[in-house]
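# Structural description and commentary
Residue strings, one per chain:
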Amino acid sequence: MASLPPSLPLSVRVKLCFDCQNKCGSFPISHRYLCCRCFSLLQNPLWAARVCLPVVYIRFPQDCFYPPPQQISMFLSPPVDFLDCGRGAPVRMECNNPSDFRIEADGVVYAARSLQRSPQHALVLLVKAIDETQARNAAVNLSVPPAGNTDLMEISFPSRRNSQLKRMKRDWVIPPINVPENSRGPFPQELVRIRSDHDKSRALRYSVTGPGADQPPTGIFIIDPISGELSVNKPLDREHISNFHLRAHAVDLNGNQVENPIDIVINVIDMNDNRPEFTHQIWNGTVPEGSKPGTFVMTVTSVDKDDPKTANGMLRYKILSQTPESPTSNMFTINNKTGGIITVAAGLDREKVPQYTLIIQATDMEGNPMYGLSNTATAVIRITDVNDNPPEFTAEMFSGEVRENRVNVIVANLTVTDKDQPNTPAWNAVYKITGGDSTGRFSVPTDPTTNEGLVTVVKPIDYETSRTFVLTVEAKNEVPLARGIHYPHLSTATVSIRVMDENESPYFEPNPKLIKLEEGLMPESALTIFTAQDPDRFMRQKITYSKLSDPANWLRIDPNTGRITTIATLDRESSYVKNNLYNATFMGLDDGKPPASGTGTLQIYLLDINDNAPKVFPQEAEICEKPEPNAINITAVDGDLNPNAGPFAFELAHRPFDVRRNWTITRISGDHAQVGLKIGFLESGIYEIPIIITDSGNLPMSNTSYLRVKVCQCDINGDCTDQQHIMAAGLGTGAIIAILLCIIILLILVLLFVVWMKRRDKERQAKQLLIDPEDDVRDNILKYDEEGGGEEDQDYDLSQLQQPDTLEPDAIKPVGIRRLDERPLHPEPQYPMRSAAPHPGDIGDFINEGLKAADNDPTAPPYDSLLVFDYEGSGSTAGSLSSLNSSSSGGDQDYDYLNDWGPRFRKLADMYGGCDD
C-alpha cells in the first residue's frame with residue numbers, strides 16, 4: 001500500500017469545456033510531476049487524458065510515502081484547467097469526498113489527510129464544476145503505478161527539416177527541471193534524457209555547458225554523451241545556489257553541430273532544512289506600569305534561510321511561557337506573523353512585579369507543530385515606573401533646635417517613604433514650607449541620596465525676638481501624580497523648632513561714629529563717650545573697652561565708661577589724616593562664658609586752623625649775570641587750607657643790606673611772585689635771598705624763607721654755559737671725571753681693534769707662497785675642506801666673459817694681480833674693449849678676439865699646471881701611472897705639434913719635444 005499524504009496536490013487543473021465537448025478531439029498528453037517525498041522527477045509519463053472526457057487518470061510512484069505537509073503544485077506542460085468558455089463568471093469546484101480531499105479555487109486537488117491506497121485499485125474522485133448557470137462533473141481516478149517503471153522524460157531538439165521551404169518556427173521553451181535539495185541519492189541521479197531526431201541516421205554526441213557543468217562549480221551535472229541522459233552528481237543546496245542555467249549541445253562524430261543548443265533551467269526545490277534563527281537571543285523591552293490592554297511592548301524577529309515563498313520559510317510566533325505568572329499567566333500576547341508583543345490584561349504593577357520573562361518560539365511550516373522546525377528566544381520586559389505612589393512622611397511631627405544667630409545649619413531631617421522606583425522623578429521628593437515661616441528664615445532642600453528633607457536655617461534667628469517656630473512642610477514628587485492618584489494626609493508634616501540662647505557680641509551704635517574737632521587740641525582733652533550695647537537682654541553682663549587701632553597714638557579710652565581722651569596734639573596735616581578724617585578702632589568685651597567682643601570705629605573730622613607758616617618754592621634757582629632776559633618765578637606753599645593760606649604777601653628781608661640793593665621781588669598773583677636782579681650786573685656765584693611770606697589767616701602767620709640763587713654766565717637763550725651749570729644740574733666733580741674716563745677707555749678699545757684687524761690681514765698676505773715657475777713646478781699646498789676650487793682658481797679674471805660695458809672702471813683687474821706661483825714674463829696683453837652700444841652681430845667677433853688675446857697671454861695661469869697636493873713618500877712598488885714618465889712614450893712620439901696649440905702648451909713642447917738636452 002502506498003501512502004497519500006495530506007495537502008499533496010493529486011490533480012492539477014483538469015480542463016473541461018462546457019459548450020464544445022464534441023468539437024475537441026482526444027490526444028495523449030505527457031506531464032512531469034515531482035515525487036512527493038524527495039521531489040525527484042518521476043520515471044515515466046504519469047497519465048494520459050482525453051480532454052473532452054470527464055475522466056483523468058493520475059498514477060503515483062509506488063515508493064512515494066508521507067512527506068512533510070506542503071502545498072506543492074504539480075508542474076504541467078501545458079497546464080489543463082476548467083474553462084468557463086468566455087463567460088467570465090467564476091467557477092466553483094466541489095468533490096464528493098471532502099473529508100479526504102479538498103479542491104482549491106485554482107483547481108488543485110489536495111489530500112486532506114494521510115491515505116493508504118493499493119497499487120491495484122484506483123480511487124475515483126468525483127469533481128463538480130459550478131458556475132452561475134450550469135454545472136459539470138469530472139471523475140479523477142487515482143492509482144499507484146507498478147514498481148520498476150524507469151522511463152525518463154525526453155527532451156527533443158526542435159526539428160529543422162525543410163528549413164529552405166518553410167519559415168522556421170521558434171525553438172521550444174523547455175520547462176524548468178525541478179531537483180530537490182539535500183537528496184540522499186544514489187548518485188548520479190538521472191534527471192532527463194536529451195535526444196535529437198538526427199540520432200536515427202547517424203551517431204551523435206551530447207554535452208552540456210554552463211555553471212555546474214563545465215564552469216564553477218564544476219562536476220555537479222554530467223551527461224552521457226551517447227544516450228544523452230543528464231544526471232545530477234551530488235546533493236544540491238538551494239541556500240547556496242537556487243537554480244542552474246545549462247545549455248545542451250548535439251554534435252556528430254566530427255564535432256559538427258547538428259542542432260541548435262537548447263537552454264535547460266534546473267531549479268533547486270527548497271526543503272525544510274533550516275531552523276528559524278532569532279536575530280537576538282535576548283530581547284529587551286519596556287512597558288509602563290498600569291498600561292491598558294493592547295499597549296505595544298516590542299517586536300521580536302526571526303529569519304529562516306529556507307524559501308520564504310514556501311511554507312518552509314513561513315514563520316509563526318507564539319509565547320511558550322511567562323515568568324512570573326502574576327497577576328495572570330497571560331499578561332502578554334504576540335502577533336504570530338509579525339512578532340509584535342502587546343499587553344492583553346490589566347494589572348501591571350512595578351511595585352509588585354518589576355519584570356517579566358517570556359519564552360518566544362518561532363516555527364516554520366506556518367507554525368505546524370508536528371512538521372515545522374522551531375527555535376526559541378527570551379524576551380525580557382521591564383515594567384517602567386510611573387508616579388502612582390505619593391511620598392508619605394514617616395511621622396506627623398518632627399522637632400529640632402538651633403542656637404541663635406547660626407546660619408546654614410540643619411535643624412531637622414524629614415524622612416518620607418515612596419514605593420516608586422528610587423532615584424527617578426516619580427520617587428524624588430520636593431519639600432515646601434507652607435506655614436510658620438513668614439520671614440523666610442528656613443528652607444527644606446532634598447538630600448539626593450536619602451531623599452530626606454533637610455530643614456535648614458538661612459537667616460539668623462534672634463533668641464530675644466523668637467524662641468520657637470512651628471513649620472508646616474508638604475512633600476511632593478518632581479513629576480505630577482498619575483491620573484486618579486491624590487496626595488494623602490501623610491504627605492504633610494509639622495516641624496517644631498526651639499531656639500537656644502547664646503552669648504552674643506556687643507555692638508557699638510552708631511558704627512562708625514563721627515565727631516568734628518579743630519586740630520591742635522591739647523593732650524588730655526575729652527573727645528566723646530563711645531560705648532557698646534549688649535544684645536543679651538536677659539543676661540546681666542559687664543562690658544570693658546580697649547583700643548585696637550590708633551595709627552598716630554593720639555587717643556585713650558576708659559575701659560569702664562568708654563570715654564575717649566587725647567594723649568597728643570591732633571594735627572590735620574599729619575600723614576595719618578586722609579581727607580581731614582582720622583580713624584581709630586575700639587573693642588568692647590563682655591564677661592560672658594565664653595566672652596564675646598564687638599568693635600566700633602571712631603572717625604574724627606579735623607577742622608583746619610592757621611598753624612602752618614608759608615614757605616617758598618622752589619628753594620633753588622639760577623639767573624644770568626645780567627638781568628635780561630630772564631627772572632625767577634617763585635610760589636608760596638602753605639600746609640593750611642583756605643582761608644588760612646593764600647593770598648600771600650611777599651617782601652625781601654631788610655638784612656643783609658645788600659639784598660634789597662641787588663634784588664627785587666614783584667608779586668604776580670595771590671600765590672606767585674617774581675625775583676630778579678635790580679642792578680645791571682652781578683658777579684657769578686651762589687647767593688641766598690631771604691624772602692618774607694605772610695598768609696591770610698585770621699591771625700596771619702609770617703615766615704622768612706631763603707631762596708638759593710646761582711648767578712652765572714648765560715648764552716643768547718638765557719642758559720648757563722660755565723662748568724658750574726653742570727654742577728648745579730646735580731653732577732659732581734667725581735661723576736664728571738668718571739664719565740670722561742669711560743669715554744677714553746672706549747676710544748682706546750676701538751683703536752686696538754682696528755690695529756689688530758690690519759695686522760691680521762698683513763699676516764695672511766705674508767703666509768702666501770711666492771714660487772717661481774721657472775725654478776719649481778710645484779704648486780701651493782691647498783686646503784680642500786672648503787667648497788669650490790683651489791685658491792689659485794679663485795683669482796682668475798673672469799671679467800672678459802662679461803660685457804665690458806657693464807663693468808665699472810674700478811672693477812677691472814689691476815695689472816700685476818696674478819697667481820702667486822708664477823711671474824709675468826711679457827708685457828700685459830691688451831684685451832679688446834667692446835663699444836658701449838655694440839651691434840648684436842659682433843658678439844661672436846668679440847668672443848673670438850678675447851680668446852685670441854688670452855691664448856697669446858703667457859702670464860695666464862694654465863689649467864693643466866702640475867700641482868703637488870701632498871707628499872706621500874717614495875719607493876712605491878707600483879709603477880708610475882703617468883704617461884709623461886712612461887719609458888715607452890719618450891722618443892716614440894713627436895710633441896712638436898704642441899707648439900701649434902698656443903703659448904700655454906709651449907712649456908710642454910719644450911719639455912718633451914726637441915733635442916735630448
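What this report covers is the structure whose coordinates are included nearby.

Reading the values: rules and limits
Residues numbered from 1 in each chain as written. Predicted model: local features only at pLDDT ≥ 70, side-chain atom pairs only at ≥ 80, totals over all residues. Heavy atoms only, no water. Helix = DSSP H or I, 4+ residues; strand = E, 2+ residues; numbered from the N terminus. Buried < 20%, exposed > 50% of the residue type's maximum accessible area, 1.4 Å probe, protein only. Contact = heavy atoms within 4.5 Å. Areas by Shrake-Rupley, 256 points an atom, 1.4 Å probe, with all protein chains shown as cover. Pairing = 2+ DSSP bridges. Salt bridge = Lys/Arg side-chain N within 4 Å of Asp/Glu carboxyl O. Phe/Tyr/Trp six-rings, centres within 6.5 Å; stacked < 30°, edge-to-face > 60°. Lys NZ or Arg CZ within 6 Å of the ring centre and 35° of its normal. Core = buried A, V, L, I, M, F, W, Y, C linked by side-chain atoms within 4.5 Å. Expected span 1.5 Å × (residues − 1). Arc of directions from axis to C-beta. Axes fitted to C-alpha atoms, helices over the stretch in contact; angles between N-to-C directions.

Okay, the overall build of the protein next. Counting its secondary structure elements, the protein contains 5 helices and 52 strands. Counting only residues that meet the buried cut, the protein has 37% of its 917 residues in that class. For the protein, long-range pairs separated by at least 24 residues make up 67% of all intrachain contacts whose partners lie at least 6 apart in sequence. Carbon together with sulfur atoms contributes 53% to the accessible area of the protein, which is approximately 54100 Å² in total.

On to the pairing of strand 42 (residues 563-566). Direction of pairing for strand 38 (residues 526-529) relative to strand 42: antiparallel, over a ladder of 3 bridges. Of the residues in strand 42, the one forming a bridge with Thr528 is Ile564. In terms of strand pairing, strand 41 (residues 555-557) meets strand 42 through 3 bridges, oriented antiparallel. Bridge pairing links Arg556 to Thr565 in strand 42. Connecting the antiparallel pair strand 41 and strand 42 is a turn made up of 5 residues, with Gly562 showing a positive phi of about 80 degrees.

Here the structure, examined in full by the defined rule, presents 20 salt bridges. Across the pair Asp263 and Arg247 runs a salt bridge whose closest N-O atoms are separated by 3.0 Å. Taken together, the residues Asp263 in strand 17 (residues 262-269) and Arg247 in strand 16 (residues 243-252) connect sequence positions 16 residues apart. With a relative accessible area of 38%, Arg247 lands in the partly exposed category.

The tally for this structure, following the rule as stated, stands at 12 aromatic pairs. Taking the centre distance of 6.0 Å and the plane angle of 50 degrees together, the rings of Phe393 and Tyr431 count as tilted. With Phe393 in strand 27 (residues 392-393) and Tyr431 in strand 31 (residues 429-435), this residue pair connects regions lying 38 residues apart in the sequence. In this structure Phe393 comes out as buried when scored by relative accessible area, which is 5%. Here the aromatic cluster, defined as three or more aromatic residues joined through ring pairs, consists of Phe508, Phe530, Tyr545 and Phe586. A cation over a ring is seen here: Lys516 above Tyr605, with NZ or CZ 5.5 Å from the ring centre.

Right, let's talk about the nonpolar core for a bit. Formed by 24 residues in total, the largest nonpolar core has its most connected members in Phe221, Leu230, Leu236, Ile264 and Ile266. Those elements giving two or more residues to this core turn out to be strand 11 (177-180), strand 12 (189-195), strand 13 (204-209), strand 14 (221-223), strand 15 (229-232), strand 16 and strand 17. Setting aside its immediate chain neighbours within four residues, Leu236 contacts Val179, Glu181, Asn182, Ile220, Phe221, Phe244 and Val268.

A separate point is helix 4 (residues 843-855). The terminal C-alpha atoms of helix 4, which comprises 13 residues, lie 19 Å apart, in line with the 18 Å expected from a rise of 1.5 Å per residue. Those residues of helix 4 not exposed but buried are Phe846, Gly850, Ala853 and Ala854. Here the buried residues of helix 4 occupy an arc of 100 degrees about the axis, which is enough to place them on one side. Facing away from the buried side of helix 4 by more than 90 degrees, the exposed set consists of Asn848, Leu851 and Lys852.

Take the sheet that holds strand 37 (residues 513-518) next. What the 4 strands build is an open sheet, ordered 37-44-43-40; its pairing is mixed. The sheet terminates laterally at strand 37 and strand 40 (543-549), the two strands that pair on one side only. Direction aside, the axes of adjacent strands within the sheet are offset by 30 degrees on average. Two elements, strand 40 and strand 43 (residues 581-590), share 6 bridges in a ladder whose sense is antiparallel. Paired with Ser546 across the bridge in strand 43 is Met587.

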